[in-house]
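Okay, here's what each chain looks like letter by letter:
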Amino acid sequence: MKRIKVFFVLFCLLLYLPLYGQNNSEIIGHREEDICWVYDQEDNYIFAIALAVNVGDKYIDEDNIEYEIIEVGGNKAICKKKGKVDLLADIGPEFTLQIPLAKEGKKTVAIYHTHNDESYLPGPVNIDGVGEIHEVGDALKEALEKKGITVVKSENLHLPHDGAAYERSRGTVADLVQEEPDIIFDLHRDAIPRKDEYLKEINGKTISQIRLVVGRQNPNQKVNDQFARRLKALADEEYPGLIKGIFYGKGVYNQHVAPHSLLLEFGTHVTTKEQAIASAQLFAEPVSKLLFASKGGTGQKENAGIFSSIIWILGVTGIGVLIYLLINEGSLGGVGKRLKAFFRKELK
Amino acid sequence: MTTGIILLMIIGLLVYLGAAHRVLDRLYLTDKSALLIIALMIIGSFFDLTIKRNPLLTINIGGGLIPLLLSVYVFIKADSRKERIRTLVAVFLTGLAIYAISIIFSDFGHGRDIIDPMYLYAISGGLIAYLLGRSRRASFIAGTIGFLLYNLFIYYRLLTGEIRSQLRIGGAGVYDSIIISGVLAVLLAEFLGESLERLTGGHSGKGGEE
């Protein structure tokens, strides 16, 4: 045991080596070198993204073709085409474009930026705190407010842009949740170096597309998936091509704190701030349609997804407790005895 | 928000706080005082204390101050001087490890890691604390104060003007990494401790308390 301890402490000390000679320049957001290029099994290029891609991740592209990642090697991934999806029918026949997301009454959207320094500039360069992504957030806020939606926008800073940025922005999400928002958006920008992939002509104007990101590592995944699909379905009706796709990636992205949370990538670092602002102004329309949809007014249709999330939480907890007790008691009989003793003590 | 959404949030929180309650039970606290601490953490989550205005430094009462005070209490109640020293070393190493991990994997949280940082920081804190101190108490202190120490390293960088930002310690209240780290660290110590004891057919050593 002593040897293990010594090795472990040495390993910890090795971790600190990179702290010496550390480059102080902060990156400006997702970096080009982190891009993953995704191809299908016939080696046709499908998409690229500056988020990590892992086996099991899914992608629904602009035309609603679904892909699943089956292999990842370095910066290249292979995906399997699963075919065209019907965004709404796949989540349940009861979902239509007319079903609202929230109850009747005041509609609130919360906006924040985990990576405050992201800008429409090729990096890495130093950004002093607030990048251009905040201006995109302002444009979205203004456009939503014009449609009668209350917007709570946080200007909190979460820099440095390191691995713990999401840890810091969780505090902001917790604050925003106190305002009881119907929707929470974390605005980012992508880092793929091909601007043509993000640009689109809509109503005679060049805009940069928006990619929706759903975290796969959290109990709200199902509800957020439904939310993302409904949002894209509405956007496809209003402004085809505005939504570039939905990426289902490994990660939490603070989406576990509250349901109806999405990470949005507005363009990439080689598109412009103006193009991102133009897309934010259009994006307000499907968001508003989803919140104010005319039929029903209850939002109850989501309950299947919600209950499956609840079962997921309780199931994982139950299995975890059972494994723990089995290891420690060595038999199912022992587990039973321990549970009995626990309930006797707690319920007496 | 619909009723279903509220129910989902409440159930998630209840499961999490249930785990936190079991953890507090292991830290010289009675059942009732553990519940009181949880209630205080929930209520305290709504309040921040401003420590410094420029660059902004705040501490959330539920997510920062109460876990900090609880750690101090647990530290004072430690069995021996040796345990206290081991705990302090574990706290320092945990803080540094979190800082190092956040720099090495600067794109954490984007799925480029094996496990989400929310759990990884807590697990590394728990492992370091358990292997050094082999006690649930040391694990709790290293998990919570280690993360707080990491926050202070970041604040030092803000003070030097290297980065323009702000720091809100424990800002996520009961969902903050300070609490998650402490809870996970104890659960890990419990899991490792009891499993090791079972594998070795008895007590795993001097740290096998409680």
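In what follows, the structure referred to is the one given above.
Caption draft 1: The arrangement of the overall build of chain A in detail. Helix and strand counts for chain A stand at seven helices and 13 strands. Burial status across chain A gives 57% buried among its 348 residues. A sequence separation of at least 24 residues applies to 74% of the contacts in chain A between residues at least 6 apart. Accessible area for chain A stands at about 14700 Å²; split by element, carbon and sulfur atoms hold 54% of it.

Caption draft 2: Helix α2 (residues 133–146) of chain A, seen in detail. Residues and elements named next belong to chain A. Helix length check: α2, at 14 residues, gives a terminal C-alpha distance of 20 Å against a target of 20 Å (1.5 Å per residue), a fit within 8%. Inspection of α2 places Ile-133, His-134, Val-136, Gly-137, Ala-139, Leu-140, Ala-143 and Leu-144 among the buried residues, and these make up the whole buried set. Where α2 is buried, its residues meet β6 (108–112), β7 (150–153), β8 (183–190), β13 (261–268) and α5 (273–292).

Caption draft 3: Summary view of the sheet that holds strand β1 (residues 48–52) of chain B. Residue and element names in this part refer to chain B. Across the sheet, which stays open at both edges, the three strands sit in the order β1-β2-β3 with mixed pairing between neighbours. The open sheet terminates on both sides in strands that have one partner only, identified here as β1 and β3 (167–169). The mean angle between the axes of side-by-side strands here comes to 25 degrees, regardless of whether they run parallel or antiparallel. Judged from the four bridges that link them, β1 and strand β2 (residues 57–60) form a sheet pairing that is antiparallel. Across the sheet, Lys-52 pairs through a bridge with Leu-57, a residue of β2. Sheet strands in contact with helix α3 (residues 61–76) are β1 and β2, and its direction is about 80 degrees off that of β2.

Caption draft 4: Seen up close, the pattern of salt bridges. Residues and elements named next belong to chain A. Scanning the model with the defined rule gives 20 salt bridges over all chains in all. Across the pair Lys-289 and Glu-285 runs a salt bridge whose closest N-O atoms are separated by 3.4 Å. Of the two residues, Lys-289 and Glu-285 are both situated in helix α5; the distance of four residues between them amounts to about one turn of the helix. Several salt bridges share partner residues, and in doing so they unite Lys-147, Glu-238, Glu-285 and Lys-289 into one network.

Here is what the cut-offs are and how they apply
- All residue numbers refer to positions counted from 1 along the written sequence of the respective chain.
- Each chain gets a letter, beginning with A, and each ligand a number, beginning with 1, in the order they are written.
- Selection of residues for local features in this predicted model requires a pLDDT of at least 70, selection of side-chain atom pairs for listing and counting requires 80 or more, and totals for whole chains, interfaces and linings are taken over all residues.
- With hydrogens and water stripped out, all remaining heavy atoms of the structure feed into the side-chain values.
- Secondary structure follows DSSP: runs of H or I at least 4 residues long count as helices, runs of E at least 2 residues long count as strands, and numbering of each begins at the N terminus.
- For each residue, the accessible area found with a 1.4 Å probe, counting protein chains only, is set against the maximum for its type, and the residue is called buried under 20%, exposed over 50%, and partly exposed in between.
- We call two residues contacting when some pair of their heavy atoms lies within 4.5 Å.
- Here the Shrake-Rupley method, with its probe set to 1.4 Å, supplies the accessible areas, and only the displayed protein chains count as covering residues.
- Here the expected length of a helix is defined as 1.5 Å per residue gap, with one fewer gap than residues.
- Here, any two strands with at least 2 DSSP bridges between them count as paired.
- Axis definition: a line fitted to C-alpha atoms, limited for helices to the stretch in contact. Angles are taken between N-to-C directions and run from 0 to 180 degrees.
- The salt bridge criterion pairs a side-chain nitrogen of Lys or Arg with a carboxyl oxygen of Asp or Glu, the two atoms within 4 Å.

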